Amino acid sequence: MTPHSIILCTSEYPPDHGGVGRYLAALVQHSDIPVTVVRVERTARWFDVFRRVERETRGKRRATTLWCSHIFPIGTACWLLSWIGVRYELYFHGMDIAIASNAGALRRWVARRIIARATRVYANSVYTADLVSALSKRSAVHVRHPRISALSQVQASLIRTLRTQTNINEASQIVLVACRLVERKGVDRVIRAFALLPAELDATLVIVGDGPQRAVWEELSRTCGITDRVRWVGSVSDADLYTWYAAAAIFALLPRASSTDFEGFGIVYIEAGWYGVPVIATRTGGISDAVVDTETGYLLPDTDDPEPVVRIMEQLLGDQQLRLRMGKRAQERVQNLFVWNDKNNHS
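Notes on the structure in this doc start here.

Reading the values: rules and limits
- Residues numbered from 1 in each chain as written.
- Predicted model: local features only at pLDDT ≥ 70, side-chain atom pairs only at ≥ 80, totals over all residues.
- Heavy atoms only, no water.
- Helix = DSSP H or I, 4+ residues; strand = E, 2+ residues; numbered from the N terminus.
- Rg over C-alpha atoms; globule rule 2.2 N^0.38 Å.
- Buried < 20%, exposed > 50% of the residue type's maximum accessible area, 1.4 Å probe, protein only.
- Contact = heavy atoms within 4.5 Å.
- Areas by Shrake-Rupley, 256 points an atom, 1.4 Å probe, with all protein chains shown as cover.
- Lys, Arg positive; Asp, Glu negative; His and termini not counted.
- Charge placed at Lys NZ, Arg CZ, Asp CG, Glu CD.
- Pairing = 2+ DSSP bridges.
- Axes fitted to C-alpha atoms, helices over the stretch in contact; angles between N-to-C directions.
- Phe/Tyr/Trp six-rings, centres within 6.5 Å; stacked < 30°, edge-to-face > 60°.
- Lys NZ or Arg CZ within 6 Å of the ring centre and 35° of its normal.
- Salt bridge = Lys/Arg side-chain N within 4 Å of Asp/Glu carboxyl O.

**Some points on the overall build of the protein chain**
Across its full length, the protein chain holds 14 helices and 12 strands. A compact globule built from 347 residues should have a C-alpha radius of gyration of about 20 Å, and the protein chain, at 21 Å, falls within 12% of that. Seen along its three principal axes, the alpha-carbon backbone of the protein chain occupies a region of about 70 × 40 × 30 Å. Going through the 347 residues of the protein chain one by one, you find that 56% of them count as buried. The contacts in the protein chain between residues at least 6 apart in sequence include a share of 73% that link residues at least 24 apart. Carbon and sulfur atoms provide 50% of the accessible area of the protein chain, an area that totals close to 15,500 Å². Side chains of the protein chain carry 42 positive and 35 negative charges; the gap between the two charge centres is 9 Å.

**Observations regarding the sheet that holds strand 3 (residues 64–69)**
The strands making up a sheet are joined through hydrogen bonds of the backbone, oriented either antiparallel or parallel. The sheet built from 6 strands is open, its strands ordered 2-1-3-4-5-6 with parallel pairing. Each edge of the open sheet carries a strand with a single partner, namely strand 2 (35–39) and strand 6 (142–143). As defined by bridge partners, strand 3 adjoins strand 4 (residues 87–92) across 5 bridges and the pair is classed as parallel. If you follow tryptophan 67 over to strand 4, its bridge partner there is glutamate 89. Sheet strands in contact with helix 1 (residues 19–29) are strand 1 (5–10), strand 2, strand 3 and strand 4, and its direction is about 160 degrees off that of strand 3. Helix 3 (residues 71–82) rests against strand 1, strand 3 and strand 4 of the sheet, and its axis sits at about 155 degrees to strand 3.

**Considerations on the packing of aromatic side chains**
Aromatic ring pairs: the centre-centre distance and the angle between the two ring planes describe each pair. With the rule as written, the count across this model stands at 10 aromatic pairs. Taken together, a centroid distance of 6.1 Å and an interplanar angle of 15 degrees make the contact between tyrosine 245 and tyrosine 275 stacked. Here tyrosine 275 lies in the loop between helix 11 (267–274) and strand 11 (279–282) and tyrosine 245 lies in helix 10 (residues 238–247), a separation of 30 residues in the sequence. Overall, tyrosine 245 belongs to the buried group, its relative accessible area being 0%. A residue is classified by how much of its surface remains accessible, and tyrosine 275, at 13% relative accessible area, is buried. Every member of this aromatic cluster is reached through a ring pair, and the members are Tyr242, Tyr245, Phe251, Tyr269 and Tyr275. In this arrangement the basic side chain of arginine 117 is found over the ring face of tryptophan 83, its NZ or CZ atom lying 3.5 Å from the centre. Seen from the ring of tryptophan 340, arginine 147 lies directly overhead, with NZ or CZ sitting 5.2 Å from the centre.

**Details of the sheet that holds strand 11**
On the basis of which strands lie adjacent, the open sheet formed by 6 strands has the order 9-8-7-10-11-12 and parallel pairing. The open sheet has two edge strands with one neighbour each: strand 9 (230–234) and strand 12 (297–300). With direction set aside, neighbouring strand axes in the sheet form an average angle of 20 degrees. Pairing analysis gives 4 bridges linking strand 11 to strand 12, with the strands arranged parallel. Directly across from isoleucine 280, in strand 12, lies its bridge partner tyrosine 298. Running at roughly 170 degrees to strand 12, helix 13 (residues 307–317) makes contact with strand 7 (173–178), strand 8 (203–208), strand 10 (250–252), strand 11 and strand 12 of the sheet.

**Overview of the pattern of salt bridges**
For the structure shown, the criterion picks out 20 salt bridges. Between aspartate 302 and arginine 189 there is a salt bridge, and its shortest N-O distance comes to 2.8 Å. Highlighted residues: aspartate 302 in the loop between strand 12 and helix 13 and arginine 189 in helix 8 (residues 187–195), separated in sequence by 113 residues. A relative accessible area of 34% places aspartate 302 in the partly exposed class. Residues glutamate 295 and arginine 329 are paired through a salt bridge, measuring 3.7 Å at the closest nitrogen-oxygen approach. With glutamate 295 in the loop between helix 12 (287–290) and strand 12 and arginine 329 in helix 14 (residues 320–337), the pair connects residues that are 34 residues apart, well separated along the chain. In this structure glutamate 295 comes out as partly exposed when scored by relative accessible area, which is 36%.

Listed below in structure tokens is the structure:
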């Protein structure tokens, strides 16, 4: 039965920064059916979510589908609501299934029941989908990659303005990082590798984003002696972020994985690709769905050893034709697979 309305229940949504919120916002924007967004606090308990969503669906349960983002605690509430007639679809992003898979026996039992009773289950990458299937034994887990809307073209004058504002000369090649500054994102790996680049390479490391690790990593850049070659620009508007992509020679982000968290996909790699920028990433989680090794960028081992990163950075910065070839392949792949259009709105 086609629902008359959809309710998205989530703890991550714009204006909060982050890939999960942007992924969900895009689903809402491109849905053919009206979507009501119910935001809950990250610290909410399942019965608080239950009460709130029950009120939202009262009198229209048979005609409503819940989009459930995050299995705990939101999925628990949706599972219980299903017994009074509400249908729900589950969305997995990475950390959520990792936490569920490593939980105690009771929570794993609940997680399996939540997954089994869902009308449909979606994952943002093949890797995430495999984890969901491994926990639940459910074979029908649909991969629904993050997509982007066609991003704005950036005028050269805007790039010059950002370079002037941040005191980056026209000849300096920009190595760009954009993420929330938390330990898992591995920005320290980029900093250490950048510090080992040959002195004759004129390059500037630009770090976009904020978070609890910023002060720690600023100190690391001082310890590495590269303060004058690093620009910390903080959180920026979408327009400025797109301008930084367009200005970059390389996009580098080297996430580290753990048993309870990993990069589920990495939409920033897709955004960089839209602007024809080759990327350097780690072969962890679902990143291999976003980056094709040696074609659109490089996938490196999940290690703190800076030498492989230095080698690839030096190779890309020193070979404009290589950058252009990889950037063109990245751009074509993004345009073919990861841009919203009339044909893929329902896939």
